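Reading the structure
Read off the chains here:
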Amino acid sequence: MEEPVNASRMTQRYAKKREAILHEAARLFNRSGMKGATLSDVAGAVGLSTNSITYYYKKKEDLVVACLLRSIETVSGIIASAARETGPEQRVRAFIRLFFARLARTAAGDVADGSEMMTFRDVHLLGSPHSEVVFGAYVEMFRHCRRLLATGPIRPGKRTELNARTHLLLTLTLWTMSWSARYDPEDYELAAGRMADILVAGIGSKTAAWRMTALDAALTAPPGASDSAQDAFLRAATALINEAGYRGASVERISARLNLTKGAFYHHHPSKEELIAACFERKFTVIREIQRIAMAGKGSGWDKLCAVSRALVRHHFSEQGPLLRTSAWSELPEEMRAAKLDETSRLDRRFASLLVDGMQDGSIRPLDQAIAGDLVSGMINAAVLLDRWVPDVNGENAIELFVRPLFEGLLVER
């Protein structure tokens with residue numbers, strides 16, 4: 001009888017240590033990116049040697065996959081609980097409430113019932129066959145999330161619209177992992193309620209109308225866009241960073257996309273790091289100038305915020321796009337990160353400023369402008385991956401399928 005008891009204890013110790021590894025690994029990957037955190041870093045965080053951790057996960061990619069699959073399992077469980085509610089509004093509110101409750105347990109240090117979830121920003125960095133495993137699980141989670149919004153059988157003609165809204169709901173909910181730490185864990189329930197209210201009821205007041213204005217025409221060709229060789233480099237590099245990450249956007253791949261030699265690349269840019277930094281600056285210039293023109297123009301806060309959002313999404317899908325995904329900051333060299341994050345934060349605050357203007361002039365209903373600003377910023381960033389769920393997306397239908405639902409309400413039928 002002694003051997004089974006010992007074996008059980010060994011199994012329990014193994015499982016406990018594995019959970020500790022997954023918790024610390026997810027925390028480190030979230031902080032430093034998949035490429036930035038090493039097996040040695042994870043081993044040190046759980047009191048193991050690098051050789052010992054390979055007893056649990058032989059390669060870092062195996063550990064990354066395990067962290068991502070556990071996050072998908074956790075989110076899928078939350079979706080399943082929310083799916084028990086009676087209607088789409090109740091299900092959406094429950095999904096956000098339960099997700100924040102999970103984050104609150106993590107923030108409070110409840111490792112047993114709130115271990116760290118890994119974000120999905122680095123999924124595209126995984127190679128085959130790891131990427132197929134994770135993406136297959138994510139697609140299944142996406143399908144379950146889509147059912148939260150459905151009122152009945154999903155008709156073929158409605159699938160595209162529903163896919164876009166599901167991407168909006170799921171991505172904005174996962175996006176909360178990047179800003180929820182601003183709140184005390186005991187206030188997460190309040191933040192969840194305010195976020196759910198915005199997604200369900202929209203941003204505008206009863207008098208606000210979704211309409212194109214003179215501002216839309218003024219923002220169709222933002223400053224900073226050109227057909228110069230420099231801008232071509234920046235567009236190619238941005239597209240590759242969005243697809244393959246900072247390290248995947250090699251000099252060779254950027255040059256090949258432009259049918260140029262490496263020598264031609266270095267004629268324009270002394271190093272890849274300087275090129276990547278320029279990609280961030282290009283994005284900041286586009287956002288800053290679009291915001292500046294709108295803020296100086298005529299119209300309500302609602303009209304300005306809508307026009308800015310439409311212009312940025314339209315720009316992303318235009319020949320002058322794409323926009324660099326915000327999560328690329330985690331792949332930057334350490335010395336570059338703080339400055340880029342600070343600049344991103346300053347530009348995001350302008351969205352909140354437009355929301356305040358709208359509340360003052362009555363075009364935007366009373367709401368939490370900090371959370372609404374994060375949702376607008378998150379929506380614009382999520383547009384970078386919209387083509388994965390809406391294959392024929394472009395700058396015009398993305399505005400109707402993806403931007404408008406955030407402003408008028410996720411469940412509003414059109």
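This text goes with the structure placed above it.
Residues numbered from 1 in each chain as written. Predicted model: local features only at pLDDT ≥ 70, side-chain atom pairs only at ≥ 80, totals over all residues. Heavy atoms only, no water.

A few words on the overall build of the protein. When helices and strands are counted, the protein shows 18 helices and 0 strands. A compact globule built from 414 residues should have a C-alpha radius of gyration of about 22 Å, and the protein, at 22 Å, falls within 12% of that. Projected onto the principal axes, the alpha-carbon positions of the protein cover approximately 80 × 60 × 40 Å. Across the 414 residues of the protein, 54% fall into the buried class. A separation threshold of at least 6 residues defines the contact pool for the protein, and within that pool the share at least 24 residues apart is 75%. Here the protein displays about 18,400 Å² of accessible surface, and carbon together with sulfur accounts for 53% of that area. Positive and negative side-chain charges in the protein, numbering 54 and 49 respectively, have mean positions lying 2 Å apart. (Helix = DSSP H or I, 4+ residues; strand = E, 2+ residues; numbered from the N terminus. Rg over C-alpha atoms; globule rule 2.2 N^0.38 Å. Buried < 20%, exposed > 50% of the residue type's maximum accessible area, 1.4 Å probe, protein only. Contact = heavy atoms within 4.5 Å. Areas by Shrake-Rupley, 256 points an atom, 1.4 Å probe, with all protein chains shown as cover. Lys, Arg positive; Asp, Glu negative; His and termini not counted. Charge placed at Lys NZ, Arg CZ, Asp CG, Glu CD.)

What tends to happen in soluble globular proteins is that the nonpolar side chains get buried as a cluster. Membership of the largest hydrophobic core comes to 126 residues, with the highest contact counts inside it found for L63, F95, I203, L406 and F407. In terms of residue count, the dominant contributor to this core is helix α4 (residues 60–82) (11 residues). (Core = buried A, V, L, I, M, F, W, Y, C linked by side-chain atoms within 4.5 Å.)

A word on the pattern of salt bridges. Enumeration over the complete set of coordinates arrives at 21 salt bridges. The closest approach of N and O atoms between E89 and R93, which form a salt bridge, is 3.1 Å. One end of the pair is E89 and the other is R93, both in helix α5 (residues 88–107) and 4 residues apart, which spans about a single turn. Residue E89 is classed as partly exposed on the basis of its relative accessible area of 34%. Via salt bridges that share partners, K158, E161 and R165 belong to a single interconnected network. (Salt bridge = Lys/Arg side-chain N within 4 Å of Asp/Glu carboxyl O.)

In this section: the side chain of T344. Among the structural elements, T344 can be located in helix α16 (residues 334–361). Excluding residues that lie within four positions of it along the chain, T344 makes contacts with F284 and T326.

Across the interface, helix α15 (residues 301–317) lies against helix α17 (residues 369–382) with an axial gap of 9 Å and an inter-helix angle of 20°. Taken together, α15 and α17 sit at an angle that is classed as roughly parallel. Handedness of the α15/α17 crossing: right-handed. Seen from α15, the contacting residues are L305, S309, L312 and V313; seen from α17, they are V376, M379 and I380. Tallied by class, the residues present in the contact of α15 with α17 amount to 6 nonpolar, 1 polar and no charged. (Axes fitted to C-alpha atoms, helices over the stretch in contact; angles between N-to-C directions. Parallel < 35°, antiparallel > 145°, perpendicular 65-115°, else oblique. Left-handed = near helix turned anticlockwise from the far one by under 90°. Nonpolar A, V, L, I, M, F, W, Y, C, P; charged D, E, K, R; others polar.)

With an omega of 5°, the peptide bond between G321 and P322 qualifies as cis. Within the secondary structure layout, P322 lies in the loop between α15 and α16.

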